[in-house]
Each structure stands twice: as structure tokens, then as C-alpha cells.
Amino acid sequence: MTIRSVILGLLGAMTICGVTYFNDWVLRQTHFVGNNMPVVIYGSLILFMLFLNRFLKSWALTGREIVVILALSLAACCVPGSGLMRSFPGTIILPHRYERLEPSWRQHDIMRYLPQRMLADISEDDDRILDGYVQGLSRDSKHIAISDIPWHAWRRPCLFWLPMALAMFFAVIGLSLVLHRQWSEHEHLPYPLATFTASLIETDANGRSVLWRKRLFWVGAGAVFAIHLNNVLVTWFPNILIPFQLRLDFSKAAPLFPSLVRGGGWFILRPRIFFAVIGLSFFTATDLVAAFGFGPIAWAWVAGVFAAYGIVVNNSLTGGAYLGLTIKDFTLFGACVGTFISLVYAGRHYYLSVLRQALGLKTTADIDAKAVWGFRAFVLFLLLFIAQLACARIDWQLAPLYAGILVVIYVVSGRLMAEGGLFHIKIAAFPCALIWGFFGSEALSFQTILVLQMVSIVLFIDPRETLLPFMVNANKLLAARKVPMGKTAAFAGAAIVLGLLVAVPVTLYIQYDVPAATQTDSSTLRKAKVPFETAVAVKQRLEARGTLVKASRVSGWGRFAAIRPVRPCLWGFTAGALLVGIAALCRMRFPRWPLHPLLFVVWTQPHITLFCFSFILGWIVKLIVLKYGNSQLYSRLKPLMIGIIAGEILGAMTPSLIGVIYYFLTGNIPKPYVLYMG
């Protein structure tokens, strides 16, 4: 680890946090982060390693320096996009606007049940703060001055929310140090995305990437990049060029598959090809690739069969679309709990030794100091996060449960990345909805549900840019280059802090200066309503049952005595946990057991449906290579697959580079080209 690598890594983190919102919501291109394979980082790495680093000669960066820069930049990716800043400003100011528009909110005076420090302070300059955010402050195409932004309105909520987010981020960094050795050295997980990254940064004696001489790499990268470049140009010149179709349409065959369609399986009839998914599948275990590909189809069929008998597992039983109670989400969380238990059991000796050393007790096991200090940091910051939840009017008995659910989801997300290279992970099982389903409305009261949902909406509503998968890959790269992970973890925390210091003011400036940047994100606009609409609905339901006063008086341990779980959700949770447990046991007992336990974690996830067809293609390719080829053929084809991944990443990044030039030359919004989900 060198000083310049740390400085460049911190600068990279600040740059990503400064430009991501502009690219995503002003230029409207493929999101710079968007998932756990951020195109802004990997695209920049590809260009740097192939075309720039070799010409720096004595100034060329070494592999050890590059992985440090990557680690710090990846850590900061949890800040600027869906990980935090996409939802953070809107969800703490827009409720003030909706209060004016929604009569039921005013009738029930629902805003007063939320601690006011959670929301933007509009007590002064009401129109300038709220209307300026919604409509913009710029006039006559002139950009506003930095002093025009009402910074004072955001001081109070930032001081409340950002320390809470940092506490969880720091806890996750510590947790990543604990998990690394067990997953990397004891279980020998493949880390497909880290394998791809390591191939990019491997250099010869002249500092040139070894991929430069791999013909198959250039074939794969060139072909895929040409396809996407053609499709980008089609968006600009639709009457001249012909698009290369990456989406197929079999929707007319829908009547042949009534159960699939009824269960939401429309996606398999309109599949889309993602070359990066096919490439990463080549470096992933075959049975796990099959689980990623066929799992969503199996769930759609199961949901369709249940729907035929009047049992709806996909739609919300109560509480709306985002944070409502659905059987599907509880099945997903049950599978996560089953997976978490199996992971802890598999590494029980190692984790127990780490715990003993963290407590200062003797142990015969050889435990790294970084894992011990990582565990201590994890516990310390998790307790701090729990204390902050308690300060937000959440009973201290519920706060550890909320934090524990987050830890389970984060660990399973990290496992999906380390074992399967699943870079687009969205485990849509939210702690607020899970606690609500397990306890029931009478045990929680609508006030507690409101606060729990507000925390989830602001900090954890879109878990596709979760920090732990970023750190899992970073730690693998650091270990391969023998870079101290403990020191890098500390600088990763600093990168997140610096990223926040950049992302918050830059995002607020763009939102007040370019009103279209806030209006185009309809998802965030809708999410800002969810906690309050849910609280109103629950309050009305309790009033109708005559239990409103009783529910409002329950607190502390009394909530556990008043538990009335939502039974369909409880059955879904139990089914998910049992399916994972049975699959894990059969996998240990029967070598040819075909179902990977992680199948039941991914099959209900909403976003994986977009990629399942590409996983199936990747599975077929790998099967053919292994069946009709040999290990030598498999090794020879690796550069081709790395090139396919690199070509798609560059294809996703190129429209942003074109868009920046076009925007600053003309002042107009460029044509959008969104490769991955926005």
C-alpha cells in the first residue's frame, strides 16, 4: 500500500460520488453504479489497463496499488446511487408536499407521529425549500448559485440520518473482514467477479496487460462492444441504422403456459440477452448457474399454481407494493435465514475462535488479527446503530431485531457475490415489513410501523448496491496481492465519509438546479408516500376493529406478549427456511443432488428475472464446453469470456462519455441508452 494509491483511491471515491447522480438522472444513461458491478469503475479499469497504464512507464501503477484504488472506490459505491442518495433527499422532503395534497394525511394528522428531525426543516422559507426542490430554482436556463440552495433545511435531517448510515456501513466493513478467511481460504469460493478483475490487472514485465496479446479476448470484447455501439448509434440515427435485437419476443405463446403467466412469468416470454451474465456464468459453479437461470421460472410456475387455487403469493396482502406484507418476501427471508444458519454452522469453529479472541480469551486456532478487530468493529458499530434506532422512537427491544435482519440479508448478499458472481442482487425482504408480519399490527401500533418503514425507505429501500458484496470482492483482490486488508478497511471507511461529503451537496445542488432530475425518478416519488399511506391504512384498520387505543398503549416487552403474526406470511417464512435446509442436507449427503440451496434465495428476487435467460445461455455454454471439451479447452476459452464481459461494460459506459460531451456542447439532454436496470 502506497501513499499515492490511497490518495488516488480516495479521489476516485469522491469522483464517483460527485458524478453518479448527474449521469443517472440528468444524462439518464446506464447507471454508473446501478449494481455490484459498477460500470464506472470496471469500465475505467478496462480502459486504464489496456490503453493507458503501459504508457506511464516509471509512473505506471502496480497491481497492489490498483487493487487498493479499486477497494476504496468500490466501498464508496454504496453512497451515490440506489444505496443511499437516490432515495435519501426525496423521501425526507416530499412528505411535506404530499401532506398538502392528501386529505387523509391531514385528517389523521399522520405527520406528527414521525420525529420531526427525520424530515427536512421547512419552518422557514417554505416555498423556496419545498417548491424549489420540486420545481427547481433555476430560471431562464441559467444555473443557480451554490448560495441559492436552502442548506439550513437539510442540516437537521443530515445530522440524524447520516450518522445512522455510517454506523451500519462501518459495521459491514468490519463484518467483511470476519467473513473473508472462512469463505476464501476454508471454503475456497470462486469469486467470479474478482476472477474477472484479477485477469484485467495482470501485467507482463513491461506493465502491459496480459490480455493485450490474447486474440480471443479481443474477439469477445470487440464483437460485444460493436453490438452495443451499433445500438447506441441507432438511438441517435434510427432512420439510418438497424438495431441488433437483444430482446426476443415470444409473448404470443403465452396461452401455452397459463400457470407461468398467471404467476408473473411473462419475463421468460420476452427474454433479454446480457453478455456479461453469460461471461460470468463461465466462472461459476454449473449447478449454481442453473439455479440462477431456472429458479425464477420455477417460482413463477409455483405462484401460478397457487393463484389457480386463489392463493396469491406475489401480491401484497396489506400495506401496498413496496413495504407491504407478501408471502413471497417472507419466503425469501426464510430462505435467507436458512442460508445464514447453514453458513454459520459450516464455519462455526472459525467464527467461535474469532469470538474468543475478540473477547480476549485464548484459543488454539490461527486467527488473523484483522478478523478479530473486524469483529470488534462490527459489534461496536452495530450497537451504535441499534442505539440510534432506539433514539428514533423504536423500542430498544425491536431495534436489535431490525439490525439482525439487516445483517442476515447482507451476509446472504455477500455470499451470492462470492459464490455466484451475482452482481445484481436485490433481496427485497425489508426489516420493517418482516417485523410487522411477525408481530402483527396490534402488537406494533401504526406509530411504530410508520417509523420502521421510514428508516427502511430512507436507508435500505434498494439493496442492489449493498456494501458487503463490494467489500467481499475488494478483500479477495487485496488478499491475492498480499495487501493489508485491515489498513485498507480503515481507508475504505474514510472513502465513504469523503464520498458522503461530496455526494450530499452535489446531489442537492443538481436537484434544485435541474428539476427534471427529481421528476424523472417516479419510483422515488412514489416511495416517499409509502410509510405514511401505510400508517393511515393501519390506523383505519385498528379503528375499525376497535383496537386502536389498546395497540397504541403497547410498548417494550409488552409487544412480545401481544404478538399476532400474519399467518400466511409465517407459512411463507417457514417454507423458505425448510426448503433451504432440506437442499443443504441433501447436498451434503448426495453428491449428485441437483438443487443448490441458493436457488431458494434467488428464485423470488424481482430483478433476477431480467437475467435468467442469460444465465440459462451461460449454463448451456459451460455444459457444452465441459462435456465435449476438456480442461484445456475451458482454460483457452477464458479470455473469450473475459472479453465478452469487458465488451459489455464498455458498451454500457460509452453512451455516458458521449452524453457528457453532447450535454456540455449543446446544453441538451442526450439520447438515453440504459443497458442495465435503472
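The preceding data block contains the structure.
Residues numbered from 1 in each chain as written. Predicted model: local features only at pLDDT ≥ 70, side-chain atom pairs only at ≥ 80, totals over all residues. Heavy atoms only, no water.

## Notes on the overall build of the protein
Put simply, the rule reads: Counting from the N terminus, the helices are the DSSP runs of H or I reaching at least four residues and the strands are the DSSP runs of E reaching at least two. Each residue is assigned to one of three classes by its accessible area relative to the maximum for its type, calculated with a 1.4 Å probe on protein chains only: buried under 20%, partly exposed between the two thresholds, exposed over 50%. Residues are treated as being in contact if the distance between any of their heavy atoms lies within 4.5 Å. To be clear on the numbers: accessible area is Shrake-Rupley with a 1.4 Å probe, and residue cover counts the displayed protein chains and nothing else. Only four residue types enter the tally: Lys and Arg on the positive side, Asp and Glu on the negative side, with His and both chain ends excluded. Each charge is placed at NZ for Lys, CZ for Arg, CG for Asp and CD for Glu.
A tally of regular secondary structure across the protein gives 29 helices and zero strands. Across its three principal directions, the C-alpha atoms of the protein cover 75 × 70 × 65 Å. Counting over 678 residues, the protein shows a buried share of 58%. Across the protein, contacts joining residues at least 24 apart in sequence account for 81% of those joining residues at least 6 apart. Accessible surface, the protein as shown: approximately 27,700 Å² in total, 65% of it carbon and sulfur. For the protein, the distance from the average site of its 59 positive side-chain charges to the average site of its 32 negative ones is 10 Å.

## Considering the packing of aromatic side chains
Where we set the bar: The criterion for an aromatic pair is that two Phe, Tyr or Trp rings (for Trp, the six-membered ring) have centres within 6.5 Å, with stacked assigned to planes under 30 degrees apart, edge-to-face to planes over 60 apart and tilted to the rest. Any Lys NZ or Arg CZ found within 6 Å of a ring centre and within 35 degrees of that ring's normal is scored as a charge over the ring.
Within the structure shown, the criterion is met by 37 aromatic pairs. Centre to centre, the rings of Phe51 and Trp218 are 6.3 Å apart; their planes meet at 55°, and the pair counts as tilted. Pair noted here: Phe51 is in helix H2 (residues 39–52) and Trp218 is in helix H9 (residues 215–236), with a separation of 167 residues, a long-range link. Look at Phe51 and you get partly exposed, because its relative accessible area is 41%. For Trp218, a relative accessible area of 31% gives the class partly exposed. When the ring of Phe170 is compared with that of Phe381, the centres are 5.2 Å apart and the planes differ by 70°; the resulting orientation is edge-to-face. Taken together, the positions of Phe170 in helix H7 (residues 152–186) and Phe381 in helix H15 (residues 369–391) put the pair 211 residues apart, joining distant regions of the chain. Ring-pair connections join several aromatic residues into one group, and the members of that group are Phe51, Trp212, Phe217 and Trp218. Across the ring face of Tyr345, the terminal group of Arg348 is positioned such that the distance to the ring centre comes to 4.0 Å.

## Here's the deal with the environment of Gly420
Looking at the secondary structure, you find Gly420 in helix H16 (residues 399–420). The contacts of Gly420, once residues within four sequence positions are left out, are Pro192, Thr284, Leu288, Phe292 and Arg415.

## Description of the packing of helix H18 (residues 441–459) against helix H23 (residues 530–545)
Put simply, the rule reads: Helix axes are fitted only over the stretch in contact, all axes being lines through C-alpha atoms; the angle between N-to-C directions runs from 0 to 180 degrees. Oblique is the label for every angle not falling under 35 degrees (roughly parallel), over 145 degrees (roughly antiparallel), or within 65 to 115 degrees (roughly perpendicular). Residue classes follow a fixed rule: Ala, Val, Leu, Ile, Met, Phe, Trp, Tyr, Cys and Pro count as nonpolar, while Asp, Glu, Lys and Arg count as charged, and any other residue, Gly among them, counts as polar.
Contact geometry for H18 and H23: axes closest at 9 Å, N-to-C directions at 175°. Here H18 lies roughly antiparallel to H23, going by the angle between them. Listed contacts from H23 to Ser441, Glu442, Phe446, Ile449, Leu450, Gln453, Met454 and Ile457 of H18 are Val530, Pro531, Phe532, Thr534, Ala535, Val538, Lys539, Leu542 and Arg545. Residue composition of the contact of H18 with H23, grouped by class: eleven nonpolar, three polar and three charged.

## Some points on the pattern of salt bridges
We count it as follows: A side-chain nitrogen of Lys or Arg and a carboxyl oxygen of Asp or Glu constitute a salt bridge if their distance falls within 4 Å.
As enumerated under the stated definition, the model contains 16 salt bridges in all. Asp368 is paired through a salt bridge with Lys370; the nearest N and O atoms lie 2.7 Å apart. The class for Asp368 is partly exposed, based on a relative accessible area of 23%. For Asp462, the salt bridge goes to Lys426, with nearest N and O atoms at 3.4 Å. Taken as a pair, Asp462 in the loop between H18 and helix H19 (467–480) and Lys426 in the loop between H16 and helix H17 (431–439) lie far apart in primary sequence, 36 residues in all. We note that Asp462, like Lys426, is buried.

## Let's talk about a nonpolar patch on the surface
As a reminder, the rule being used: Any residue with relative accessible area above 30% and no salt bridge may belong to a patch, with like charges joined within 9 Å and the nonpolar Val, Leu, Ile, Met, Phe, Trp and Tyr side chains within 5 Å.
On the surface, Ile3, Ile7, Leu8 and Leu11 cluster together to form a nonpolar patch covering roughly 390 Å² of accessible area. Assessed through its relative accessible area of 45%, Leu11 is described here as partly exposed.

## A closer look at unusual backbone geometry
With phi around 50°, Tyr191 is a residue other than glycine that occupies positive phi space. Mapped onto the fold, Tyr191 is located in the loop between H7 and helix H8 (192–201). Although it is not a glycine, Arg393 adopts a positive phi angle of roughly 70°. Considering the arrangement of structural elements, one finds Arg393 in the loop between H15 and H16.

## Details of the side chain of Asn475
Among the structural elements, Asn475 can be located in helix H19. By relative accessible area, which is 1% here, Asn475 ends up buried. If we ignore the near neighbours within four places in the chain, the residues touching Asn475 are Ser176, Leu177, His180 and Met485.

## Points about helix H4 (residues 88–101)
To be explicit about the condition: Take the seven residues that end at a residue and the seven that start at it, fit an axis to each, and the angle between those axes is the bend at that residue.
Taken as a whole, H4 carries its principal kink of about 35° at Leu94; the proline Pro95 stands between one and four residues after it. Within H4, the full set of buried residues consists of Phe88, Pro89, Gly90, Thr91, Ile92, Ile93, Leu94, Pro95, His96 and Tyr98.

## Concerning the packing of H19 against helix H20 (residues 485–513)
Which entries qualify depends on this criterion: With the far helix as reference, a near helix turned anticlockwise by less than a right angle produces a left-handed crossing, and one turned clockwise produces a right-handed crossing.
For the pair H19 and H20, interaxial distance at closest approach is 11 Å and the crossing angle is 145°. Between H19 and H20 lies a crossing of right-handed hand. Every residue of H20 that contacts H19 at Leu467, Met471, Asn475, Leu478 and Ala479 is listed here: Met485, Thr488, Ala492 and Ile496. Its residues placed into classes, the contact of H19 with H20 shows seven nonpolar, two polar and no charged.

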